[in-house]
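Next come the chains, spelled out residue by residue.
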Amino acid sequence: MGRRGKSKLEIPSSARESDVSDMDSVAISSVAADQDLGSDDEAPMALHLIDILSENVENISDKKNNTRVKAMANLVAIFRKSIVDEELEKWKGSICDALDKNLRRADDEAVIACSVISLLAIQKAFDIEEEMHPLLQTLVSLCNDYSKPEAVRSSAVQALGIASFFSSDQPTAIQSYLSALYNIWSSTKASATTSLLFCSALESWTLLLHRAGESYATKAIEECETKLTYYLEASNVEIRMSAGEALATLFQLAKEKDDEFEFKSHYHLKEILETLAADSLKYHAKRDKRVQRFTFRQINDVIFNDKYPETTVSFNKREKLEICDCMTRLLYDSLCQSLESHLNTHLTVNPVVRDAFDFGPIPESAVLLTKAEKRERQQIQTEMTKMRKIQRTKQRDKKVL
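The rules we used
- Residues numbered from 1 in each chain as written.
- Predicted model: local features only at pLDDT ≥ 70, side-chain atom pairs only at ≥ 80, totals over all residues.
- Heavy atoms only, no water.
- Helix = DSSP H or I, 4+ residues; strand = E, 2+ residues; numbered from the N terminus.
- Buried < 20%, exposed > 50% of the residue type's maximum accessible area, 1.4 Å probe, protein only.
- Contact = heavy atoms within 4.5 Å.
- Areas by Shrake-Rupley, 256 points an atom, 1.4 Å probe, with all protein chains shown as cover.
- Core = buried A, V, L, I, M, F, W, Y, C linked by side-chain atoms within 4.5 Å.
- Patch = residues over 30% accessible without salt bridge, like charges linked within 9 Å, V, L, I, M, F, W, Y side chains within 5 Å.
- Salt bridge = Lys/Arg side-chain N within 4 Å of Asp/Glu carboxyl O.
- Lys, Arg positive; Asp, Glu negative; His and termini not counted.
- Charge placed at Lys NZ, Arg CZ, Asp CG, Glu CD.
- Phe/Tyr/Trp six-rings, centres within 6.5 Å; stacked < 30°, edge-to-face > 60°.
- Lys NZ or Arg CZ within 6 Å of the ring centre and 35° of its normal.
- Axes fitted to C-alpha atoms, helices over the stretch in contact; angles between N-to-C directions.
- Left-handed = near helix turned anticlockwise from the far one by under 90°.

## Points about the overall build of the chain
What the chain contains, in helices and strands, is 19 helices and two strands. Residues counted as buried form 49% of the 401 residues belonging to the chain. For the chain, long-range pairs separated by at least 24 residues make up 70% of all intrachain contacts whose partners lie at least 6 apart in sequence. Of the accessible surface of the chain, which amounts to about 20200 Å², a share of 48% is contributed by carbon and sulfur atoms.

## Some words on the nonpolar core
With 118 residues, the main nonpolar core has Phe79, Trp205, Leu209, Ile303 and Leu335 as its most contacted residues. Those residues in contact with Phe79 that lie beyond four places of it in its chain are Leu53, Val84, Leu88, Val116, Leu119, Leu120, Gln123, Leu339 and His346.

## Examining a negative patch on the surface
Together, Asp258, Asp259, Glu260, Glu262 and Asp306 make up a region of like negative charge exposed at the surface. As for its placement among the helices and strands, Asp306 is situated in the loop between α15 (286-304) and β1 (311-314).

## Some thoughts on the environment of Ser115
Structurally, the position occupied by Ser115 is in helix α7 (residues 107-124). Distance from Ser115 to Ala159, taken between C-alpha atoms, is 6.7 Å for residues 44 residues apart in sequence.

## Quick look at the pattern of salt bridges
Evaluation of the coordinates by the stated rule reveals eleven salt bridges. Glu131 is the salt-bridge partner of Lys92, the closest N and O atoms lying 4.0 Å from each other. Here Lys92 is found in helix α6 (residues 92-103), whereas its partner Glu131 is found in helix α8 (residues 129-143), with 39 residues between them in sequence. A salt bridge links Arg104 to Asp100; the shortest N-O distance between them is 3.4 Å. You can call Arg104 exposed: its relative accessible area is 58%. The network of salt bridges with common partners includes Asp85, Glu89, Lys92, Lys124 and Glu131.

## Here we look at the environment of Thr226
Among the structural elements, Thr226 can be located in helix α12 (residues 214-231). Placed 37 residues apart in sequence, Thr226 and Phe263 show a C-alpha to C-alpha distance of 9.5 Å.

## Quick look at the packing of aromatic side chains
A full pass over the atoms with the stated rule returns twelve aromatic pairs. Ring geometry for Phe251 against Phe261: centres 5.9 Å apart, planes inclined by 50 degrees, an arrangement best described as tilted. In this pair, Phe251 sits in helix α13 (residues 237-257) while Phe261 sits in the loop between α13 and α14 (266-277), placing the two residues ten residues apart along the sequence. Comparing Phe251 with Phe261, the two get one shared label, buried. Its end group placed over the ring of Tyr146, Arg153 keeps NZ or CZ at 4.4 Å from the ring centre. In this structure, Arg211 packs its charged tip against the face of Phe165, placed 5.7 Å from the ring centre.

## Focus: the packing of helix α9 (residues 150-167) against helix α16 (residues 326-339)
Contact geometry of α9 with α16 gives a least axis separation of 11 Å together with a crossing angle of 115 degrees. As for the relative orientation of α9 and α16, their crossing is left-handed in sense. Across the interface between the two elements, Gln158, Ile162, Phe165 and Phe166 from α9 touch Met327, Leu331, Ser334, Leu335, Gln337 and Ser338 from α16.

Nothing here speaks to function; it is geometry throughout.
Encoded structure:
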């Protein structure tokens, strides 16, 4: 069940207008080793990247709003395109302190700070758990700040889900984050016309529930079934589908612990899902009905036919990600929102992301080369091509004779 086209939070305009060309080039090169920054006499790529990281880490604490926003936008670009776990080690404390302050500032800063927090967790995982804890507490406060726009709160909700999933390992802390997320989505009215905050909170809650422990998850599933079923009749199609997808994910989670599991209102739920899968109500838009019917057919298959629509994602020449359950799909979609088009890079060379999907060590073929190593490899390949051409020419000459 792929996610629908949902509203995505954009980087503030002041950040988009920043001069990130040099930084962007370094970030890309550090991953793919395919960009030139200048002459061969310039500093090695790794040192150049460290210099740019250092500058932007310093600038996220600058007195000027515009400078802080630009610096955070630069960090977002670097963290998406590069794996800089080791380089970040000495700055992780100062980065988290600065981000904690920026979350409390203007809305544009809070939104982009949330993006940096998510990406920082994806880079450092549990190595940054201690420094991340105060940030997560601030995110909880921001999530529950009703004076903030929905887009800001939704951004905080997404960051809370991803960051706590990757960088929090304490059951009590995880359960407190789950409680905050639950309070947000469960307080939404079925007649709500906007869905961004509800969908973000429910997806983050469902994702994090897999880290909460068996007893907590079991209790949550039992208590939330009725509430989620209620949202299946919401007036907003996004809310209906998010509730249905959450039920499917919770069902699979429960089935892992109890192969005979069924929802309490199993057959009543089946009637509702079948009705939604055949929606023909005139007051629903044609596109909404089409997307809803497709989604709920899949949800119905998961819960009642034990059948998941499998998907294969080829993220490099040798490896593939098999998406054959709701949880893998949910994690994949969540990472897509954070990493955007660079998820394939992280699946290939980020040990944190690879571990989340149960991949093994980084394959040797994915080990990144320096510019000198790449030139040497290209030279060898060129020489080998020349030799093959010479050999083929000799063979043709022999045949002619």
